[in-house]
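Next come the chains, spelled out residue by residue.
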Amino acid sequence: MQDNYTDNTDYSSVEEIILENGSNKTNLITILQRVQSDYGYLPNDIIYYTANRLGISPADIIGVATFYSQFRLKPIGKYLIMSCQGTACHVNSSETVLKSISDYLGIEDGETTDDGLFTLQKVACLGCCSLAPVIMINGEAYGNLTAEKAVAILRELKEKEV
Amino acid sequence: MKIIIGEGSCGIAAGAAKVHAAISALINDSDSFSIGSTGCIGMCFLEPIVEIRNNGKVLRRLVKVTEKDAPNICKSVRENNFSLVDYLTIKPEDEEFLTKQTRIALRHCGIVDPESIEDYINIDGYQALKKVLKTMSPEQVIEQVKISGLAGRGGAGFPTWFKWNAARQSQGKNKYLICNADEGDPGAFMDRAVIESDPHSLIEGMLIGAYAIGAKKMIVYVRAEYPLAIKHLEKAIEQAKANNYLGENILGTSFSCDMLIKAGAGAFVCGEETALIESLEGKRGMPRLKPPFPAQKGYLDSPSNINNVETFANISWIINNGGEAFAAMGTENSKGTKVFALTGKVVKGGLVEIPMGKTLREVIFDIGGGIKGGKKFKAVQMGGPSGGCIPESLLDTIIDYKALGATGAIMGSGGMVVMDETTCMVGMAKFFLDFTASESCGKCVHCRIGTKRLQEILTRIVNGEGRDGDIELLEELCYAIKDGALCGLGQTAPNPVLTTIKYFRDEYEEHIKNKKCPAGECAALIKYSILPDKCKGCTLCAKKCPVKAIDGQVKLPHVIDVKKCIKCGLCYSICRFGAIIKE
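1. What about the overall build of chain A?
Here comes step 1: Helix and strand counts for chain A stand at seven helices and four strands.
Here comes step 2: Start at the N end of chain A and walk to the C end: the helices and strands fall as α-α-α-α-β-α-α-β-β-β-α.
Here comes step 3: Structurally, chain A occupies a C-alpha span of about 50 × 35 × 25 Å along its principal axes.
Here comes step 4: For chain A, contacts bridging at least 24 residues in sequence account for 63% of all contacts bridging at least 6.
Here comes step 5: Per element, the accessible surface of chain A, about 7,400 Å² overall, is 47% carbon and sulfur.
Here comes step 6: The distance from the centre of the 12 positive side-chain charges to the centre of the 21 negative ones in chain A is 5 Å.

What follows is the structure, encoded as structure tokens:
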């Protein structure tokens with residue numbers, strides 16, 4: 001971890017986000033959401049820069065970022081797999097689906113494959129309960145899954161990349 | 001004529017957007033019909049759904065439509081010959097899913113185009129706001145809401161008029177009206193459907209609330225996981241501003257009010273109103289001590305009032321039809337209707353809105369069509385992580401705040417997850433405790449450590465390591481957490497454990513004493529094996545096994561390597577010879 005933001009990073013895009021939303025600390029969550037949508041995660045030096053601009057400590061930002069499940073402190077892979085763990089998915093065997101994905105890719109919840117292709121993330125509920133069990137890959141939902149179907153989807157994505 | 005596609009999130013996940021594109025591509029300039037969208041029709045089990053409408057009347061409702069059906073649909077409309085789409089037309093018994101409902105909060109869902117303010121205005125939209133601003137005092141509005149008996153639909157069921165009145169009485173220049181759209185209960189999507197499908201109803205309901213309490217600012221706190229809802233609401237706000245329903249001097253009166261959206265960032269505890277306020281202020285969502293209540297000191301220390309989406313969605317109906325009409329529905333202490341997200345092992349899953357007072361059996365069996373795959377009903381989970389499991393013996397319980405509370409479950413925000421005989425109730429309790437233990441904000445020791453300990457005990461039970469006295473220990477811990485926690489999350493977190501112990505104690509005992517899972521779900525307590533005399537060596541299971549745990553030669557009996565087996569049960573479900581057994 002660096003302990004400060006460095007001058008050789010380009011902060012123009014985060015500056016733009018801060019100006020757009022106002023440098024009031026009540027807007028912190030909105031600012032972090034915009035940063036994450038631009039960068040894919042919350043880079044450390046951006047956190048320090050934002051803290052300085054909003055007049056709060058970096059620890060305040062890390063506190064908020066780690067409190068909410070939406071925020072990530074590490075970059076994600078090309079494909080973000082969100083595995084729904086909602087109640088409807090649970091009673092329709094979402095755990096088996098999650099395990100098959102985890103076994104196939106060799107990663108656990110929150111991890112990214114070494115080739116930088118896949119990140120696996122458990123999520124509370126994607127809200128398409130009638131399609132349970134569901135996973136969502138880069139915004140597209142795949143429903144009525146079995147362990148086998150889930151692996152087939154990933155295999156197809158993987159083959160597309162080579 | 002018009003072809004209308006149901007494009008709520010569920011519909012899109014099932015392929016509605018692809019169907020839309022396929023039909024759109026086939027429409028020529030010479031065609032006299034057009035294509036449009038609506039929100040969630042609520043029959044998730046039949047998605048994607050396409051309607052052929054003429055002057056707003058549904059001529060045909062087509063279900064489970066795919067892109068391949070696009071040519072037939074276009075042809076049938078072009079030639080006015082609907083027999084071409086007979087094969088897609090909804091069955092009468094499925095149509096009953098809608099006709100058996102009474103829709104108030106969902107009255108426009110699946111009917112209007114959520115992106116069109118004209119659609120909303122054409123069906124009496126913003127008439128209630130006009131009536132309120134031009135003919136009623138804030139006190140009269142609160143009086144109508146009081147007569148209606150409307151109670152908070154977020155779960156707690158607190159009378160809406162009482163909160164409004166307290167906020168009205170409170171002194172302060174900047175009052176805020178806040179909508180809680182952070183639908184955190186995993187297994188519920190009522191609020192999402194309302195915002196996605198009928199955003200103007202929420203805006204109108206909130207404006208009436210803002211007028212009643214004297215607020216000039218409205219904030220909607222919506223889950224970031226609901227991008228379509230946010231998009232539709234943003235557009236609706238723009239349209240409402242352009243039409244002078246939002247902003248300065250609304251409809252030429254002295255009433256001015258603004259609205260903004262703040263996206264939540266994923267924390268279940270933010271459903272608690274003081275935690276939600278903390279989150280709105282850009283902080284960790286940790287509940288505050290009450291008093292002071294939000295009505296006195298809420299967002300930015302100003303008087304604030306927070307209601308749930310469904311609560312607001314009822315408001316304009318109440319103003320248009322009068323409080324008495326709303327109060328005429330329901331029971332002695334629960335008025336009006338309630339929306340449920342019916343999911344799980346039920347045949348027809350979707351959004352169900354019914355008058356209070358119906359029984360659980362009516363909802364699950366009459367409307368929901370009973371249990372999938374001819375299996376046996378075991379329990380229904382209501383209220384998510386704060387609720388409980390209701391067994392078959394109590395299926396005739398009526399939907400009513402008091403009656404449901406008496407079972408140990410709660411009305412909740414509307415999650416209704418049906419479980420059959422293959423769902424392990426200890427596993428279910430563990431599932432919810434996994435959730436609450438990770439969602440506990442950490443402020444109170446009882447909740448932070450107590451839920452963790454509950455989770456550990458439940459984990460050892462489902463792993464076959466349960467000990468004598470574990471059930472009593474769970475109970476003792478549950479009551480301690482209920483007593484010691486500050487907010488609703490902690491106080492209700494033990495409910496899933498307490499209700500499953502109360503109604504399914506034998507399942508706990510079976511796990512602890514005999515190391516068996518009666519539902520056959522707990523992986524550590526089951527084992528799959530192949531009966532050599534029944535196995536024909538067809539190799540199907542070996543081919544399908546996701547972890548290659550099955551080995552054997554063609555036409556010879558196969559063997560499962562128990563070390564590799566992940567107990568997914570796939571082989572068990574596909575074997576055509578009944579050669580695989582589960583013990």
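2. Notes on the layout of surface pockets
To locate leftover empty space, one rolls a probe as large as a water molecule over the atoms.
All names here are of chain B.
Here comes step 1: Taken as a whole, the second largest pocket holds about 1,300 Å³ of empty space.
Here comes step 2: The wall of the second largest pocket is formed by 45 residues, among which Gly 154, Ala 156, Gly 271, Glu 272 and Glu 273 lie closest to the centre.
Here comes step 3: Elements represented by at least two residues in the lining of the second largest pocket include exactly α8 (160-169), β8 (304-308) and α20 (488-492).
Here comes step 4: It is β8 that contributes the most residues to the lining of the second largest pocket, five residues altogether.
Here comes step 5: Of the residues belonging to the lining of the second largest pocket, the class tally is 15 nonpolar, 20 polar and ten charged.

3. Some points on the interface of chain A and chain B
Here comes step 1: Contacts between chain A and chain B engage 37 residues on the former and 50 residues on the latter.
Here comes step 2: When chain A packs against chain B, the two sides together hide about 3,300 Å² of surface, and 60% of this comes from carbon and sulfur.
Here comes step 3: By the criterion of area lost to chain B, the three top residues of chain A are Phe67(A), Thr87(A) and Val91(A), representing 19% of everything that side buries.
Here comes step 4: Applying the counting rule to chain A against chain B returns two salt bridges.
Here comes step 5: Close ionic contact of Lys18(B) with Glu140(A) constitutes a salt bridge, the shortest N to O distance being 3.6 Å.
Here comes step 6: At the surface where chain A touches chain B, the tally comes to 13 residue pairs in polar contact (both at pLDDT 80 or more).
Here comes step 7: Elements with a contribution of two residues or more to the side of chain A that touches chain B: α2 (28-39), α4 (58-67), α5 (87-91), α6 (94-105), β4 (140-142) and α7 (147-161) of chain A.
Here comes step 8: Tallied by class, residues from the side of chain A that touches chain B come to 16 nonpolar, 16 polar and five charged.

4. A word on the packing of helix α1 (residues 12-21) of chain A against helix α3 (residues 44-54) of chain A
Pairs of packed helices are described in terms of their axes, by the angle between the two and the distance that separates them.
Residues and elements named next belong to chain A.
Here comes step 1: Where α1 contacts α3, the two axes come as close as 11 Å, and the packing angle between them is 35°. Seen from above, α1 lies across α3 with right-handed handedness. Mapping the contact onto sequence places Val 14, Glu 15, Ile 18 and Leu 19 in α1 and Ile 46, Tyr 49, Thr 50, Arg 53 and Leu 54 in α3.
Here comes step 2: Looking at side-chain class alone, the contact of α1 with α3 contains six nonpolar, one polar and two charged residues.

5. Some details on the environment of Ala236(B)
Here comes step 1: Within the secondary structure layout, Ala236(B) lies in helix α11 (residues 227-242).
Here comes step 2: Sequence separation of Ala236(B) and Gly298(B) is 62 residues, and the distance between their C-alpha atoms is 27 Å.

6. Here's the deal with the domain arrangement of chain B
Residues and elements named next belong to chain B.
Here comes step 1: For chain B, the domain assignment lists domain 1 (2-95), domain 2 (117-327), domain 3 (337-420), domain 4 (425-513) and domain 5 (527-582).
Here comes step 2: Using C-alpha coordinates to define each centre, domain 1 is positioned 33 Å away from domain 2.
Here comes step 3: Every contact between the two is made by eight residues of domain 1 and, on the other side, six residues of domain 2.
Here comes step 4: Both sides together, the interface formed by domain 1 and domain 2 hides about 480 Å², and carbon and sulfur atoms give 60% of it.
Here comes step 5: Taken as a group, Ser 9, Cys 10 and Cys 40 account for 63% of the area that domain 1 buries against domain 2, more than any other trio of residues on that side.
Here comes step 6: Counting across the domain 1 and domain 2 interface gives zero salt bridges.
Here comes step 7: Counting across the interface, domain 1 meets domain 2 through two residue pairs in polar contact (both at pLDDT 80 or more).
Here comes step 8: Across the side of domain 1 that touches domain 2, the residue classes tally to four nonpolar, three polar and one charged.

7. Notes on α4(A)
Owing to its 3.6 residues per turn, the α-helix aligns residues three or four sequence positions apart on the same side.
Here comes step 1: By the burial criterion, the buried members of α4(A) are Ile61(A), Gly63(A), Val64(A), Ala65(A) and Phe67(A).
Here comes step 2: Looking at the buried positions of α4(A), the neighbouring elements they touch are α2 and α3 of chain A.

8. A closer look at the sheet that holds strand β7 (residues 258-263) of chain B
All names here are of chain B.
Here comes step 1: Taken in spatial order, the four strands line up as β7-β6-β5-β8 in an open sheet, and their pairing is parallel. Edge strands, defined here as strands with exactly one partner in the open sheet, are β7 and β8. Within the sheet, the average angular offset between the axes of one strand and its neighbour, ignoring direction, is 20°.
Here comes step 2: Here strand β5 (residues 176-181) runs beside β8; their pairing, made up of five bridges, is parallel. Bridge pairing in β8 links Cys 179 to Asn 307.
Here comes step 3: Helix-sheet contacts for helix α13 (residues 309-321) involve β5 and β8, and the interaxial angle to β8 is about 90°.

9. Side note on unusual backbone geometry
Glycine aside, negative phi is the norm for most residues, and most peptide bonds take the trans geometry.
Here comes step 1: Note that the residue after Glu47(B), namely Pro48(B), is joined by a cis bond; omega there is -10°.
Here comes step 2: Among the structural elements, Pro48(B) can be located in the loop between β2 (34-38) and β3 (50-54).
Here comes step 3: Of note, the amide linkage connecting Pro291(B) to Pro292(B) takes the cis form, showing an omega dihedral of 5°.
Here comes step 4: Position of Pro292(B) relative to the elements: it lies in the loop between α12 (273-280) and β8.
Here comes step 5: The phi torsion at Asn138(A) lies on the positive side, around 45°, for a residue other than glycine.
Here comes step 6: Following the sequence through the fold, Asn138(A) ends up in the loop between β3 (135-137) and β4.
Here comes step 7: For Asn244(B), which is not glycine, the phi torsion reads 65° and is therefore positive.

10. Some words on the domain arrangement of chain A
Here comes step 1: Entries for chain A in the domain assignment read domain 1 (12-67) and domain 2 (79-161).
Here comes step 2: Relative placement of domain 1 of chain A and domain 2 of chain A: their C-alpha centres are 29 Å apart.

11. Section: helix α3 (residues 70-78) of chain B
Residues and elements named next belong to chain B.
Here comes step 1: Of all the residues in α3, the buried ones are Ala 70, Ile 73, Cys 74, Ser 76 and Val 77. Projection of α3 onto a plane perpendicular to its axis shows the buried side chains occupying an angular sector of 160°, all on one side.
Here comes step 2: Those residues of α3 that are buried are in contact with β1 (2-6), α2 (16-26), β3 and β4 (57-62).

12. Points about the pairing of β7(B)
Residue and element names in this part refer to chain B.
Here comes step 1: Pairing analysis gives six bridges linking strand β6 (residues 217-222) to β7, with the strands arranged parallel. If you follow Val 222 over to β7, its bridge partner there is Ala 263.
Here comes step 2: This β-α-β element, β6 to α11 to β7, shows right-handed connectivity.

13. Points about the sheet that holds β1(B)
Hydrogen bonding along the main chain pairs the strands of a sheet, whether they run parallel or antiparallel.
Residue and element names in this part refer to chain B.
Here comes step 1: Overall, mixed pairing links the four strands, which are arranged β2-β1-β3-β4 in an open sheet. The strands lining the two open edges of the sheet, one partner per strand, are β2 and β4. Each strand of the sheet is rotated relative to its neighbour by a mean of 30°, with strand direction disregarded.
Here comes step 2: Where β1 meets β2, five bridges bridge the pair, whose relative direction is parallel. Its bridge partner lying in β2, Ile 5 is registered against Ser 37.

14. Focus on the packing of α6(A) against α7(A)
All names here are of chain A.
Here comes step 1: Following both chains from N to C, one finds α6 and α7 inclined at 35°, their axes separated by 8 Å at the closest point. In the crossing of α6 with α7, the sense of the turn from one axis to the other is right-handed. Each of Thr 96, Val 97, Ser 100, Ile 101, Tyr 104 and Leu 105 in α6 lies in contact with α7, whose residues at this interface are Ala 147, Ala 150, Val 151, Leu 154, Arg 155 and Lys 158.
Here comes step 2: A breakdown of the residues in the contact of α6 with α7 according to their chemical character gives eight nonpolar, two polar and two charged.

Rules behind the numbers
- Residues numbered from 1 in each chain as written.
- Chains lettered and ligands numbered in written order.
- Predicted model: local features only at pLDDT ≥ 70, side-chain atom pairs only at ≥ 80, totals over all residues.
- Heavy atoms only, no water.
- Helix = DSSP H or I, 4+ residues; strand = E, 2+ residues; numbered from the N terminus.
- Contact = heavy atoms within 4.5 Å.
- Areas by Shrake-Rupley, 256 points an atom, 1.4 Å probe, with all protein chains shown as cover.
- Lys, Arg positive; Asp, Glu negative; His and termini not counted.
- Charge placed at Lys NZ, Arg CZ, Asp CG, Glu CD.
- 1 Å grid on protein atoms, 1.4 Å probe; cavity = no way out; pocket = protein on both sides within 12 Å on 5 of 7 lines; lining within 4 Å.
- Points joined across faces, edges and corners; volume = space filled by probe spheres on them.
- Nonpolar A, V, L, I, M, F, W, Y, C, P; charged D, E, K, R; others polar.
- Buried area = accessible area lost by both parts, 1.4 Å probe.
- Salt bridge = Lys/Arg side-chain N within 4 Å of Asp/Glu carboxyl O.
- Polar contact = N/O pair within 3.5 Å; in protein donor to acceptor, adjacent residues only side chain to side chain.
- Axes fitted to C-alpha atoms, helices over the stretch in contact; angles between N-to-C directions.
- Left-handed = near helix turned anticlockwise from the far one by under 90°.
- Domains from an automatic or database assignment.
- Buried < 20%, exposed > 50% of the residue type's maximum accessible area, 1.4 Å probe, protein only.
- Pairing = 2+ DSSP bridges.
- Arc of directions from axis to C-beta.
- Right-handed = clockwise from strand over helix to strand, strands pointing away.

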